[in-house]
Amino acid sequence: MTSAGGRGYVQLMRELPHVVAHVAVSLEGATTGFEPDLARFYALAQTWHEDVTLVGADTILAQKAALAHGPRPGPAPDGPLLAVVDSSARVHEWRALRDAGHWSGVLALRAASTPKSGGEPPEKLVVGRERVDLRAALAALAARGAATVRVDSGGALIGALLAKGLLDEVSLLVHPVFAGHGGGHHHWYGPSHPPAGTFVLAGNETIGDLVWLRYQVSR
Ligand SMILES: NC(=O)c1ccc[n+]([C@@H]2O[C@H](COP(=O)([O-])OP(=O)(O)OC[C@H]3O[C@@H](n4cnc5c(N)ncnc54)[C@H](OP(=O)(O)O)[C@@H]3O)[C@@H](O)[C@H]2O)c1
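Cut-offs used in this document
- Once a new chain begins, its residue numbering starts again from 1 and follows that chain's sequence as written.
- Totals for whole chains, interfaces and linings use all residues, but because this is a predicted model, local features are given only for residues with pLDDT of at least 70 and pairs of side-chain atoms are given and counted only at 80 or more.
- Derived side-chain values reflect all non-hydrogen atoms in the structure, with water molecules and hydrogen atoms excluded from consideration.
- UniProt positions are given in the numbering used here, feature names are shortened, and annotations may be inferred rather than shown by experiment.
- Each helix is a run of DSSP H or I of at least 4 residues and each strand a run of E of at least 2, with the numbering of both proceeding from the N terminus.
- Any residue under 20% of the maximum accessible area for its type is buried, any over 50% is exposed, and the rest in between are partly exposed; the area is computed with a 1.4 Å probe on protein chains only.
- Residue contacts are defined here by distance: any two heavy atoms, one from each residue, within 4.5 Å place the two residues in contact.
- This arc describes the spread of directions from the helix axis toward the C-beta atoms.
- Grouping buried Ala, Val, Leu, Ile, Met, Phe, Trp, Tyr and Cys residues that are joined through side-chain atoms within 4.5 Å yields what is termed a nonpolar core.
- In this entry, domain limits derive from an automatic or database-based domain assignment.

By the naming in an unreviewed UniProt entry, the protein chain is 2,5-diamino-6-(Ribosylamino)-4(3H)-pyrimidinone 5'-phosphate reductase, taken from Cryptosporangium aurantiacum. The heading Pathway (unreviewed entry) in the UniProt record of the protein chain holds the text "Cofactor biosynthesis; riboflavin biosynthesis."

## Structural notes on the environment of Val174
Relative to the helices and strands, Val174 is located in strand E7 (residues 169–174). For Val174, a relative accessible area of 15% corresponds to the buried category. The spatial distance from the C-alpha of Val174 to the C-alpha of Glu28 is 9.2 Å, given a sequence separation of 146 residues. Beyond its immediate chain neighbours, meaning those up to four positions away, Val174 contacts Val25, Ser26, Leu27, Asp209, Leu210, Val211 and Leu213.

## Topic: helix H2 (residues 38–45)
Where H2 is concerned, the buried positions are Phe41, Leu44 and Ala45. Looking straight down H2, one finds that the buried residues subtend no more than 105 degrees of arc, so they occupy a single side. Check the buried side of H2 and you find it contacts strand E1 (18–25), strand E6 (148–151), E7, strand E8 (199–207) and strand E9 (210–217).

## Regarding the nonpolar core
Leu54, Leu109, Leu138 and Leu161 are the most contacted members of the largest nonpolar core, which totals 35 residues. Here this core gets five residues from one element, more than from any other, and that element is helix H6 (residues 134–143). Here this core spans two domains, since at least three of its residues come from each of domain 1 (15–50 + 153–219) and domain 2 (52–146). By size, the runner-up hydrophobic cluster in this structure holds 14 residues, among which are Val84, Val91, Val106 and Ala108.

Below, the structure is given as structure tokens:
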């Protein structure tokens, strides 16, 4: 078997997709309380050509006003799938998300105990009892053919993935700003401290006054 064939075989055998969290941070590691360079952030986000963009419910809710008034060109046939972790059915903007022009479709990840909500998503996947089981969700996405998942969220979801050993790569776009109290508790690793571990530097680049750091997460 050739090395390319070998890689393909290994990929097919993977139970879980490659999971990368790409996040804009302040100098103290906050994800909020400052103005990120969105143009740079989303240009760099194209690095991974993800099959699925995985987003936390709180990140969607933070965009509610922008979603309500933003353009709606319709689904992007070649875009990734948007999967939203939403155990409590707090997200209602499914049509706006589908038509935002970034994603080919939208999928709500829910738990068995998720209440019925007024804004039912076009497609949902029930994984977990009380809360979305993140490992099962990623395994289900892999079974649907997803090789790469890019996490676009604040720290709560990234921290949970990190704590469960489900994150393969962290990409930090560091901004030269101290968010101070504006950053609240929103560090990129979430409100609780994930277990200690070593990361392997996978890339570093200076882009204007920003620094882009990429790390592989050792398991
Ligand atoms: N700087 C950046 O690059 C960046 C990127 C995106 C967003 N943001 C900002 O980040 C803020 C939102 O971030 P956030 O940290 O509050 O929330 P978040 O990460 O967007 O969302 C939290 C989600 O993670 C889920 N979750 C957390 N722990 C879990 C666990 N153990 N098992 C299963 N699911 C779990 C929650 O599930 P439930 O459904 O059960 O609550 C919720 O859906 C917003 O202000 C947004 O603007 C910044």
